Structures are given as structure tokens and as C-alpha cells.
Amino acid sequence: MLTRIAQTSLGLVLAFGLTPAAFAEDLAAPQGDAVLIVSGDISSTNTGETLVFDRQMLAALPTTTIETSTIWTEGVHSFTGVSLADLAHVVGMENGRFLATAINDYTIEIPFEDAVEGGPIIAYLMDDAEMSVRDKGPLWVIYPYDSDADYRTEVIYSRSIWQLDRVEIVQ
């Protein structure tokens with residue numbers, strides 16, 4: 001099951017007629033510890049040539065919740081985060097690929113075509129709780145595996161990177 005939750009900050013952005021990309025242009029440097037650094041071919045930056053998010057900034061983006069099982073956990077869990085489609089929109093991405101890198105420098109490639117409505121999210125909550133590094137956090141790319149058999153393949157599982165901390169946008 002997939003649901004969209006309107007965040008207060010997003011509501012304000014939309015009320016004033018701004019797009020998520022315009023919202024990103026106004027993002028200040030993070031006040032807290034960086035949890036995600038986006039670099040590469042991006043149109044919005046806040047720290048040098050990168051767009052750096054702390055936990056609060058990620059939570060201020062449009063929020064998506066996916067309820068799904070995974071091959072790494074038991075039972076169905078609720079994952080909340082920012083959709084890859086919304087992140088692509090915020091950084092001005094229209095094609096190319098995401099090079100997603102974990103804290104141990106493991107990198108995978110996610111094609112732009114995966115960034116669709118109802119597709120994967122960068123989860124920062126599992127069952128309404130922050131995920132520790134030990135529990136695949138603080139960020140984990142989650143696909144809605146239970147919603148479509150196409151999401152239950154070795155290729156998709158290989159794109160489900162956990163302990164994510166960097167994304168490079170490559171055209």
C-alpha cells in the first residue's frame with residue numbers, strides 16, 4: 001500500500017505556487033548532521049556544488065510511505081521517506097542515473113526510469129522509527145516490492161542500497 005502525506009512545509013510551498021525544485025533553490029545549509037549529500041548534474045545547491053540534507057530537511061520534502069515486505073526483514077513493514085521521483089524533481093533531474101553510495105563506499109546505479117510515482121523511496125523511517133546503521137539506516141532505498149512482481153527481481157534487490165549517504169546525479 002502506498003500513501004502520500006502532505007507535510008506542512010510542502011503545503012506552504014504549494015500554497016505559494018512554488019515547485020519542489022524552487023523549494024530546493026531556497027534550501028539553506030543544513031543545521032544538523034548531514035544524512036544525504038547530492039552532487040553531480042543538479043540545478044539546486046546549498047553547500048558549494050552539492051545539495052546537503054540533514055534529517056529535518058529530508059522530512060520537509062514530500063513524504064511517501066510504503067507498506068511492504070522485504071527479503072531482508074520479517075513480515076510487512078511501513079517505510080517512510082522521500083520518493084526518488086520527488087528527489088529527482090527537487091534537483092532538476094530529467095534523465096540519466098543515480099549513483100547511490102553507502103557509508104562503506106559501496107555504490108550502485110539506479111536508472112532515472114525507476115524514479116516514478118509509486119516507485120522507490122529513500123526511507124528514513126521504518127515502522128515510524130529512525131533506522132540505525134545497524135538496522136540498515138539511516139537511509140535505505142526501498143521499492144514497493146509487494147505492489148508489483150517487477151519489483152521482486154535480483155536487479156531491483158541490488159538497487160535497494162542501505163546505509164545510503166550520497167547520491168551523484170549523472171546524465
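For the structure itself, look to the data block above.
Residues numbered from 1 in each chain as written. Predicted model: local features only at pLDDT ≥ 70, side-chain atom pairs only at ≥ 80, totals over all residues. Heavy atoms only, no water.

(A) Molecular detail of the packing of aromatic side chains. Inspection of every chain in the model, using the stated rule, returns 9 aromatic pairs. Look at F79 and W140: their rings are 5.6 Å apart centre to centre, the planes differ by 85°, and that puts the pair in the edge-to-face class. In this pair, F79 sits in strand β5 (residues 76–83) while W140 sits in strand β10 (residues 140–142), placing the two residues 61 residues apart along the sequence. Residue F79 shares its accessibility class with W140, and that shared class is buried. Ring centres 6.0 Å apart and planes at 85° place the aromatic pair W140 and W162 in the edge-to-face group. With W140 in strand β10 and W162 in the loop between α5 (154–159) and β11 (164–170), the pair connects residues that are 22 residues apart, well separated along the chain. (Phe/Tyr/Trp six-rings, centres within 6.5 Å; stacked < 30°, edge-to-face > 60°. Helix = DSSP H or I, 4+ residues; strand = E, 2+ residues; numbered from the N terminus. Buried < 20%, exposed > 50% of the residue type's maximum accessible area, 1.4 Å probe, protein only.)

(B) Quick peek at the pattern of salt bridges. Enumeration according to the criterion identifies 5 salt bridges in this entry. The partner of R97 in a salt bridge is E109, with the nearest N and O atoms 3.1 Å apart. Taken as a pair, R97 in strand β6 (residues 97–102) and E109 in strand β7 (residues 107–111) lie far apart in primary sequence, 12 residues in all. With a relative accessible area of 28%, R97 lands in the partly exposed category. (Salt bridge = Lys/Arg side-chain N within 4 Å of Asp/Glu carboxyl O.)

(C) A look at the sheet that holds β11. The strand order across the open sheet formed by 5 strands is β3-β2-β11-β6-β7, and the pairing between neighbours is mixed. Either end of the sheet is taken by a strand with one partner, and the two such strands are β3 (51–54) and β7. On average, each strand axis in the sheet is inclined to that of its neighbour by 20°, with strand direction left out of account. One ladder, built from 6 bridges, connects β6 with β11; its direction is antiparallel. Pairing of F98 across the sheet is with I169, part of β11. (Pairing = 2+ DSSP bridges. Axes fitted to C-alpha atoms, helices over the stretch in contact; angles between N-to-C directions.)

(D) Spotlight on the side chain of T65. One can find T65 in strand β4 (residues 63–69). A polar atom in the side chain of T65 sits 3.0 Å from the side chain of T80. (Polar contact = N/O pair within 3.5 Å; in protein donor to acceptor, adjacent residues only side chain to side chain.)

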